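Observations on chain architecture
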Amino acid sequence: MVEVPMTGTVRRSLLARLFVETRSVMPAAGSTGLSLVLVIATMCFLASLTLGAVLAVNHATQSWTRQLSGALTVEILAVEGQDPEMQRDAALTALSKTPGILTAKTLSRDDVAALIQPWLGVDVAREDLPFPQLIDVRLDTSAPPPDLDALAAALEKSAPGVRLDSHRQWLDDINGAANAAQGLSYAILAIITLTTIAIVTFATRAGLLANHEIVELLHLIGARDNFIASEIQRHFLLLGLRGGVLGLALSLLAFGGMSIVMNSSSLLVSMPTIQPWTLTSLLLVPVMAALVSVITARMTVMRGLGRMM
Amino acid sequence: MIRFENVGLRYESGPEVLRDVTFTLERGSFHFLTGPSGAGKTSLLRLMFLDHKPSRGLITMFDRPIATLARHELPDIRRQIGVVFQDFRLIAHLTAYENVALPLRARGKSEDSYRADVIELLQWVGMGERLDALPSTLSGGEKQRVAIARAVMGRPRLLIADEPTGNVDAEMGNRLLHLFVELNRLGTSILIATHDRELIASNPAPALVLHKGEVEIHG
Ligand SMILES: Nc1ncnc2c1ncn2[C@@H]1O[C@H](COP(=O)(O)OP(=O)(O)OP(=O)(O)O)[C@@H](O)[C@H]1O
Ligand SMILES: [Mg+2]
């Protein structure tokens, strides 16, 4: 991007200098300006998608985990020769001896029927089926969680057919998958960052080479490396910001499109969605892009200048 | 203040352009540097404004041997030297005004502090009407005057000018020489490389004459 020469009267250009960006001594890195913006925009698009996805997955996992970890279910199967009432009372007694339990509510026959019906597809309440009894247990989330293994053992001992479902298997599976997705996303973000650094390094070197004579002249009139580097890095700040904002805008369009598609499909489980605060953290992407560009450009320039007389 | 002792210079593996060059420039002195084309005038000046290192010999600038200078000390020495390059070396995308302001801008000065001085100096060299002109729209003599203004702008202790009157008519040449004399009177040491016999004749200053890579002092 070659700077447009300023024309007009001195007064106007002086005013322009006061209010508009101070003009750089270095023309931007040759013709790489626009293409560099596009490349950075692509990188930021990918980074925003990745970051948005990982944040959405985290959010979904957290809300599932929160819902499930505050609750336990005690399942009491009908066993030949056992009185269901006795089974239930034994279980409730065992529960009452365990600290950290807020409530233990036995679900009515109708409640259980309502829960099971979608799975069996018949009106179970009318059938004369042996029904499990369910006790919905709520934990006191402000207290330390009870020893679930001990509780499970106590319940099983209390009466035959009594079982504790802590949803733990399900939780472990979700968390494992979420962690894997997270690790993968961070790896992708790292690759995107490294690629950006490599590209900016390359562009800075090209710019330094293209402006070799200006750099030499600046040295001869007594400019320090620091001055030259700041003149150059200002361009990269602008390029990085522009690319970053463009990439972020594209990714928001993509997220918008995706959520429209998802809302129109009817899925059993609600899919991860972009939360408002996720958008705020996505704003960091262009900032990071500008920072990475500036720091990389500066380091490249300083290293390049250090080799000159 | 400035001393060359047995200085030799060869570009890469080429022949020696300078050999055994020895001379001293005192504080506040005024010298011409002459010699036939290709004699090595520009090469000698490049050594002096720290654009190139000598192949051998000792150069002392402002009482400091330059061989011992660390890289980060060079800017401070260079800021005491104003240079009018033979090929001007104006920055193509900056206006005349911005080119002249460059030495001060590179020193981190704010524009408010130098704007009036830059404009005044450009007016003095007859470029007051062309402040916003880009170098590509200037004639050779006009570029030369901008280059001179830039060299003078940083109030150097030493002004080095390589053919500073090569592209202007005799009248402008005298006016520019007068600027150099004026600066010299204020304490700046001046070294002017030139072919212009009239210019040398019009001023009683001594001349360093380069011949076959060696320097003789005349006058
Ligand atoms: N960068 C360089 N690399 C190799 N040789 C060079 C270089 N610069 C100058 N020379 C050679 O050094 C010699 C002296 O050149 P220099 O430019 O110092 O002469 P000069 O006295 O300034 O000539 P002129 O009066 O034409 O400006 C010439 O033979 C030239 O070919
Ligand atoms: Mg020359």
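These numbers come from a predicted model, not from an experiment.

Now for the overall build of chain A. When helices and strands are counted, chain A shows 10 helices and four strands. Ordered by position from N to C terminus, the α and β elements of chain A give α-α-β-α-β-α-β-α-β-α-α-α-α-α. Counting across all 309 residues of chain A, residues that qualify as buried make up 40%. Sequence-distant contacts in chain A: of pairs separated by 6 or more residues, those separated by 24 or more amount to 83%. In the structure as shown, chain A presents an accessible area of about 17300 Å², 66% of it carried by carbon and sulfur atoms.

With that settled, consider the coordination of the magnesium ion (ligand 2). Each pair of donors in an ideal octahedron of six around a metal sits at 90 or 180 degrees, and each pair in an ideal tetrahedron of four sits at 109.5 degrees. Within the protein, Thr42(B) (OG1) and Gln86(B) (OE1) serve as the donor atoms for the magnesium ion (ligand 2), at 1.9 to 2.2 Å. Taken together, the residues span a long stretch of sequence, with Thr42(B) in helix α1 (residues 41–48) and Gln86(B) in the loop between β6 (81–84) and α3 (96–106) at a distance of 44 residues.

What follows deals with the packing of aromatic side chains. All names here are of chain B. Under the criterion given, the structure shown has three aromatic pairs over all chains. On the numbers, 4.8 Å between centres and 20 degrees between planes, the contact of Phe-4 with Phe-23 is stacked. Linking Phe-4 in strand β1 (residues 2–10) with Phe-23 in strand β2 (residues 16–25), this pair joins segments that are 19 residues apart in sequence. Owing to a relative accessible area of 0%, Phe-4 belongs among the buried residues under this scheme. On the accessibility criterion, Phe-23 (2% relative accessible area) is buried. With a centroid separation of 5.4 Å and an interplanar angle of 85 degrees, the aromatic rings of Phe-49 and Phe-85 are classed as edge-to-face. Of this pair, Phe-49 sits in the loop between α1 and β4 (56–61) while Phe-85 sits in the loop between β6 and α3, placing them 36 residues apart in sequence. Its relative accessible area of 5% is what places Phe-49 among the buried residues. Judged by relative accessible area, Phe-85 falls into the buried class, the value being 4%.

All names here are of chain A. One open sheet accounts for four strands, arranged β2-β3-β1-β4; its pairing is antiparallel. A strand with exactly one partner marks an edge of an open sheet, and here the two such strands are β2 (101–106) and β4 (162–165). Adjacent strand axes in the sheet meet at a mean angle of 20 degrees when their direction is disregarded. Bridging between β2 and strand β3 (residues 133–139) involves five bridges; their strand directions are antiparallel. Bridge pairing links Lys-105 to Asp-136 in β3. In the packing of helix α3 (residues 84–96) onto the sheet, contacts are made with β1 (71–76), β2, β3 and β4, and the angle to β3 comes to roughly 10 degrees. Sheet strands in contact with helix α5 (residues 148–158) are β1, β2 and β4, and its direction is about 160 degrees off that of β4.

Before going further, it helps to examine the layout of surface pockets. All names here are of chain B. Estimates place the volume of the second largest pocket at around 480 Å³. Lining of the second largest pocket is provided by 17 residues; of these, Leu-121, Val-152, Met-153, Arg-155 and Leu-183 occupy positions nearest its centre. Of all elements in the fold, only α4 (111–124), α5 (140–153) and α6 (170–185) reach the threshold of two or more residues within the lining of the second largest pocket. The dominant element in the lining of the second largest pocket, judged by the number of residues it contributes, is α4, at six residues. Across the lining of the second largest pocket, the residue classes break down as 10 nonpolar, two polar and five charged.

Note that Tyr186(A) resides in helix α6 (residues 168–210). Sequence separation between Tyr186(A) and Ala47(A) is 139 residues; the distance between their C-alpha atoms is 9.8 Å.

Residues and elements named next belong to chain B. Across the 11 residues of α3, 11 count as buried, placing the element largely inside the fold. Within α3 the residues assigned to the buried category are Ala-96, Tyr-97, Glu-98, Asn-99, Val-100, Ala-101, Leu-102, Pro-103, Leu-104, Arg-105 and Ala-106. Phi for Gly-108, located one or two positions after α3, is positive at around 80 degrees.

Together, Leu284(A), Val287(A), Met288(A), Leu291(A), Ile295(A) and Met299(A) give the surface a local cluster of nonpolar side chains, amounting to about 560 Å² of exposed area. Among the structural elements, Met299(A) can be located in helix α10 (residues 284–306).

Once that is clear, we can look at the site of ligand 1. Residue and element names in this part refer to chain B. Surrounding ligand 1, one finds 13 residues, the nearest of these being Ser-37, Gly-38, Lys-41, Thr-42 and Ser-43. With respect to ligand 1, the backbone of Ala-39 contributes an N or O atom lying 3.3 Å from an oxygen atom. The separation between an oxygen atom of ligand 1 and a polar side-chain atom of Lys-41 is 2.7 Å. Compared with its free state, where it exposes 630 Å², ligand 1 has 59% of that area covered by protein. Of the residues forming the shell around ligand 1, the biggest block, four residues, is contributed by α1. When grouped by side-chain class, the residues that make up the shell around ligand 1 number four nonpolar, seven polar and two charged.

Residue and element names in this part refer to chain B. Counting through the fold element by element, Val-125 comes out in the loop between α4 and α5. A relative accessible area of 1% means that Val-125 is categorised as buried. As for Val-125 and Met-172, which are separated by 47 residues in sequence, their C-alpha atoms are 8.7 Å apart. Excluding anything up to four places from it in sequence, Val-125 contacts Arg-145, Ala-149, Met-172, Leu-176 and Leu-179.

The biggest cluster of nonpolar side chains holds 74 residues, and the ones touching the most others in it are Phe4(B), Phe23(B), Leu44(B), Met48(B), Met61(B) and Ile81(B). At nine residues, helix α2 (residues 32–69) of chain A tops the list of elements feeding residues into this core. If we skip the residues at most four places from it in the chain, Phe4(B) touches Val21(B), Thr22(B), Phe23(B), Leu44(B), Leu47(B), Met48(B), Leu58(B) and Ile59(B). Counting 42 residues, the second largest nonpolar core, distinct from the first, contains Leu90(B), Ile119(B), Leu131(B) and Met172(B).

Scoring rules and cut-offs
Residues numbered from 1 in each chain as written. Chains lettered and ligands numbered in written order. Predicted model: local features only at pLDDT ≥ 70, side-chain atom pairs only at ≥ 80, totals over all residues. Heavy atoms only, no water. Helix = DSSP H or I, 4+ residues; strand = E, 2+ residues; numbered from the N terminus. Buried < 20%, exposed > 50% of the residue type's maximum accessible area, 1.4 Å probe, protein only. Contact = heavy atoms within 4.5 Å. Areas by Shrake-Rupley, 256 points an atom, 1.4 Å probe, with all protein chains shown as cover. Donors = N, O, S within 2.8 Å, 3.2 Å for Na, K, Ca; no water. Phe/Tyr/Trp six-rings, centres within 6.5 Å; stacked < 30°, edge-to-face > 60°. Pairing = 2+ DSSP bridges. Axes fitted to C-alpha atoms, helices over the stretch in contact; angles between N-to-C directions. 1 Å grid on protein atoms, 1.4 Å probe; cavity = no way out; pocket = protein on both sides within 12 Å on 5 of 7 lines; lining within 4 Å. Points joined across faces, edges and corners; volume = space filled by probe spheres on them. Nonpolar A, V, L, I, M, F, W, Y, C, P; charged D, E, K, R; others polar. Patch = residues over 30% accessible without salt bridge, like charges linked within 9 Å, V, L, I, M, F, W, Y side chains within 5 Å. Salt bridge = Lys/Arg side-chain N within 4 Å of Asp/Glu carboxyl O. Near = heavy atom within 4 Å. Polar contact = N/O pair within 3.5 Å; in protein donor to acceptor, adjacent residues only side chain to side chain. Core = buried A, V, L, I, M, F, W, Y, C linked by side-chain atoms within 4.5 Å.

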